[in-house]
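# Observations on the three-dimensional arrangement
What follows is the residue order along each chain.
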Amino acid sequence: MNDLFEKIYALARAIPFGKVTTYGQLGAMVGLSDMRHVGDAMNACPDDVPWQRVINARGAISLGGATGSKQRARLEEEGVVFDENGRVDFAEVGWIPNGEWLEANGYKQPPPLVKEIRGNKGNDAAQLSLF
DNA sequence: CTGATGACGAGCG
DNA sequence: CCGCTCGCCATCA
(Lines give C-alpha, C1' and ligand atoms only; values in the text may rest on other atoms or scores of the structure.)
Protein backbone atom coordinates (compact mmCIF):
# COMPACT_ATOMS: atom_id res chain seq x y z
CA MET A 1 0.00 0.00 0.00
CA ASN A 2 1.46 3.35 -0.90
CA ASP A 3 0.70 7.04 -0.56
CA LEU A 4 -0.81 7.18 -3.98
CA PHE A 5 -3.55 4.82 -2.98
CA GLU A 6 -4.25 6.84 0.13
CA LYS A 7 -4.53 10.00 -1.91
CA ILE A 8 -6.95 8.32 -4.24
CA TYR A 9 -9.03 7.10 -1.33
CA ALA A 10 -9.11 10.56 0.20
CA LEU A 11 -10.40 11.97 -3.06
CA ALA A 12 -12.98 9.25 -3.43
CA ARG A 13 -14.24 9.98 0.08
CA ALA A 14 -14.70 13.60 -0.94
CA ILE A 15 -17.17 12.77 -3.66
CA PRO A 16 -20.58 14.03 -2.54
CA PHE A 17 -23.58 11.78 -2.21
CA GLY A 18 -25.29 11.37 -5.55
CA LYS A 19 -22.27 12.48 -7.57
CA VAL A 20 -19.78 10.52 -9.61
CA THR A 21 -16.35 11.04 -11.08
CA THR A 22 -14.03 9.08 -13.31
CA TYR A 23 -10.90 7.04 -12.87
CA GLY A 24 -9.07 9.39 -15.18
CA GLN A 25 -10.15 12.36 -13.14
CA LEU A 26 -8.86 10.91 -9.91
CA GLY A 27 -5.68 9.81 -11.59
CA ALA A 28 -5.07 13.25 -13.01
CA MET A 29 -5.57 14.89 -9.64
CA VAL A 30 -3.00 12.72 -7.97
CA GLY A 31 -0.59 13.05 -10.87
CA LEU A 32 -0.98 9.58 -12.28
CA SER A 33 -0.47 8.83 -15.93
CA ASP A 34 -1.47 5.23 -15.77
CA MET A 35 -5.12 5.19 -14.81
CA ARG A 36 -5.10 1.48 -14.28
CA HIS A 37 -3.82 2.09 -10.82
CA VAL A 38 -6.92 4.00 -9.94
CA GLY A 39 -8.84 0.88 -10.69
CA ASP A 40 -6.36 -1.13 -8.70
CA ALA A 41 -6.83 1.21 -5.78
CA MET A 42 -10.59 0.86 -5.92
CA ASN A 43 -10.22 -2.86 -6.11
CA ALA A 44 -8.41 -2.82 -2.82
CA CYS A 45 -10.23 0.06 -1.22
CA PRO A 46 -11.29 0.13 2.43
CA ASP A 47 -14.98 -0.13 3.24
CA ASP A 48 -15.30 3.56 4.01
CA VAL A 49 -14.54 4.52 0.43
CA PRO A 50 -17.57 5.17 -1.79
CA TRP A 51 -16.02 3.31 -4.70
CA GLN A 52 -19.37 3.11 -6.46
CA ARG A 53 -19.10 6.80 -7.31
CA VAL A 54 -16.08 6.16 -9.49
CA ILE A 55 -16.91 5.15 -13.05
CA ASN A 56 -15.09 5.22 -16.37
CA ALA A 57 -14.65 8.14 -18.75
CA ARG A 58 -17.62 7.09 -20.85
CA GLY A 59 -19.92 7.59 -17.94
CA ALA A 60 -20.56 3.90 -17.59
CA ILE A 61 -19.75 1.22 -15.07
CA SER A 62 -16.75 -0.81 -16.07
CA LEU A 63 -17.59 -3.88 -14.13
CA GLY A 64 -19.67 -6.83 -15.00
CA GLY A 65 -21.07 -9.50 -12.78
CA ALA A 66 -22.41 -9.09 -9.30
CA THR A 67 -20.08 -6.28 -8.37
CA GLY A 68 -21.15 -4.25 -11.37
CA SER A 69 -24.85 -4.56 -10.75
CA LYS A 70 -24.26 -3.79 -7.11
CA GLN A 71 -22.44 -0.62 -8.07
CA ARG A 72 -25.28 0.48 -10.31
CA ALA A 73 -27.86 -0.34 -7.69
CA ARG A 74 -26.03 1.67 -5.07
CA LEU A 75 -25.74 4.65 -7.39
CA GLU A 76 -29.39 4.50 -8.30
CA GLU A 77 -30.17 4.57 -4.61
CA GLU A 78 -28.35 7.87 -4.54
CA GLY A 79 -30.51 9.17 -7.33
CA VAL A 80 -28.07 8.65 -10.18
CA VAL A 81 -29.87 7.96 -13.43
CA PHE A 82 -28.57 5.59 -16.09
CA ASP A 83 -29.75 5.87 -19.66
CA GLU A 84 -30.47 2.96 -21.94
CA ASN A 85 -26.86 2.87 -22.87
CA GLY A 86 -25.93 2.32 -19.26
CA ARG A 87 -24.38 5.74 -18.99
CA VAL A 88 -24.93 8.59 -16.60
CA ASP A 89 -25.23 12.26 -17.45
CA PHE A 90 -22.12 14.02 -16.26
CA ALA A 91 -23.84 17.36 -16.52
CA GLU A 92 -26.24 16.06 -13.93
CA VAL A 93 -24.19 13.96 -11.58
CA GLY A 94 -20.60 14.75 -12.49
CA TRP A 95 -18.51 15.81 -9.50
CA ILE A 96 -16.83 19.18 -9.90
CA PRO A 97 -14.15 19.21 -7.22
CA ASN A 98 -13.70 22.46 -5.38
CA GLY A 99 -10.49 24.10 -6.55
CA GLU A 100 -9.58 25.49 -3.18
CA TRP A 101 -10.13 22.18 -1.51
CA LEU A 102 -7.88 20.51 -4.03
CA GLU A 103 -5.14 23.03 -3.55
CA ALA A 104 -5.46 22.93 0.21
CA ASN A 105 -5.04 19.19 0.09
CA GLY A 106 -2.21 19.12 -2.35
CA TYR A 107 -4.02 17.83 -5.39
CA LYS A 108 -3.69 18.97 -8.95
CA GLN A 109 -6.49 20.69 -10.80
CA PRO A 110 -8.14 18.12 -13.01
CA PRO A 111 -8.85 18.73 -16.68
CA PRO A 112 -12.54 19.23 -17.53
CA LEU A 113 -14.47 16.17 -16.49
CA VAL A 114 -16.45 15.77 -19.63
CA LYS A 115 -14.30 15.70 -22.66
CA GLU A 116 -15.82 14.50 -25.79
CA ILE A 117 -17.49 11.22 -25.35
CA ARG A 118 -16.81 9.34 -28.51
CA GLY A 119 -19.37 10.09 -31.14
CA ASN A 120 -21.08 12.51 -28.82
CA LYS A 121 -18.97 15.57 -29.31
CA GLY A 122 -19.91 18.21 -26.87
CA ASN A 123 -23.61 18.36 -26.67
CA ASP A 124 -25.62 17.49 -23.60
CA ALA A 125 -23.07 16.18 -21.20
CA ALA A 126 -20.39 18.59 -22.31
CA GLN A 127 -22.00 21.58 -20.68
CA LEU A 128 -20.12 21.23 -17.44
CA SER A 129 -18.72 24.53 -16.41
CA LEU A 130 -16.01 24.68 -13.83
CA PHE A 131 -18.31 26.62 -11.63
C1' DC B 1 13.18 -13.71 -12.04
C1' DT B 2 9.76 -13.51 -16.18
C1' DG B 3 5.36 -12.89 -18.12
C1' DA B 4 0.38 -12.17 -18.05
C1' DT B 5 -3.32 -9.35 -16.34
C1' DG B 6 -6.13 -5.46 -15.37
C1' DA B 7 -12.50 -1.49 -11.59
C1' DC B 8 -8.50 2.76 -17.55
C1' DG B 9 -7.59 6.43 -21.08
C1' DA B 10 -6.01 8.68 -25.37
C1' DG B 11 -5.34 8.37 -30.13
C1' DC B 12 -6.14 6.42 -34.68
C1' DG B 13 -8.80 4.22 -38.44
C1' DC C 1 -20.41 4.10 -32.62
C1' DC C 2 -16.72 -0.10 -32.72
C1' DG C 3 -12.15 -2.11 -32.44
C1' DC C 4 -7.03 -2.05 -31.73
C1' DT C 5 -2.58 -0.33 -29.73
C1' DC C 6 0.22 1.61 -26.39
C1' DG C 7 1.35 3.67 -22.07
C1' DC C 8 2.79 2.32 -17.55
C1' DC C 9 3.08 -0.33 -13.18
C1' DA C 10 1.26 -3.02 -9.01
C1' DT C 11 0.14 -7.73 -8.34
C1' DC C 12 -0.06 -12.51 -9.04
C1' DA C 13 1.03 -17.19 -11.06
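This report concerns the structure included in the present document. (Residues numbered from 1 in each chain as written. Chains lettered and ligands numbered in written order. Predicted model: local features only at pLDDT ≥ 70, side-chain atom pairs only at ≥ 80, totals over all residues. Heavy atoms only, no water.)

## Here's the deal with the pattern of salt bridges
The final tally for this structure, using the stated rule, is 3 salt bridges. The salt bridge involving Arg53 is made with Glu78; its shortest N-O contact spans 3.0 Å. Within this pair, whereas Arg53 is found in the loop between α3 (36–43) and β2 (54–55), its partner Glu78 is found in the loop between α4 (65–77) and α5 (90–93), the two being separated by 25 residues in sequence. Residue classification places Arg53 among the buried residues on the basis of a relative accessible area of 10%. For the salt bridge of Arg72 with Glu76, the shortest nitrogen-to-oxygen distance reads 3.2 Å. Within this pair, Arg72 and its partner Glu76 are both found in helix α4, separated by 4 residues, close to a single helical turn. Arg72 gets classed as partly exposed once you look at its relative accessible area, which sits at 33%. (Salt bridge = Lys/Arg side-chain N within 4 Å of Asp/Glu carboxyl O. Helix = DSSP H or I, 4+ residues; strand = E, 2+ residues; numbered from the N terminus. Buried < 20%, exposed > 50% of the residue type's maximum accessible area, 1.4 Å probe, protein only.)

## Comments concerning the packing of aromatic side chains
Applying the stated criterion across every chain yields a total of 2 aromatic pairs. A centroid spacing of 6.2 Å and a plane angle of 80 degrees characterise the contact between Phe5 and Tyr9, whose relative ring orientation is edge-to-face. Note that Phe5 and Tyr9 are positioned in helix α1 (residues 3–14) at a spacing of 4 residues, about one turn of the helix. Each ring, one from Trp101 and one from Tyr107, has its centre 5.8 Å from the other, and the planes form 10 degrees; the classification is stacked. What makes Trp101 partly exposed here is its relative accessible area of 30%. Taking the relative accessible area as the measure of exposure, Tyr107 reaches 10% and is therefore buried. (Phe/Tyr/Trp six-rings, centres within 6.5 Å; stacked < 30°, edge-to-face > 60°.)

## Some remarks on α3
Among all positions of α3, only Val38, Ala41 and Met42 are buried. Buried residues of α3 fall within an arc of 100 degrees about the axis and therefore sit on the same side. Opposite its buried face, α3 presents the exposed residues Arg36 and Asn43, each directed more than 90 degrees away. Buried residues belonging to α3 abut α1, α2 (23–29) and β2. (Arc of directions from axis to C-beta. Contact = heavy atoms within 4.5 Å.)

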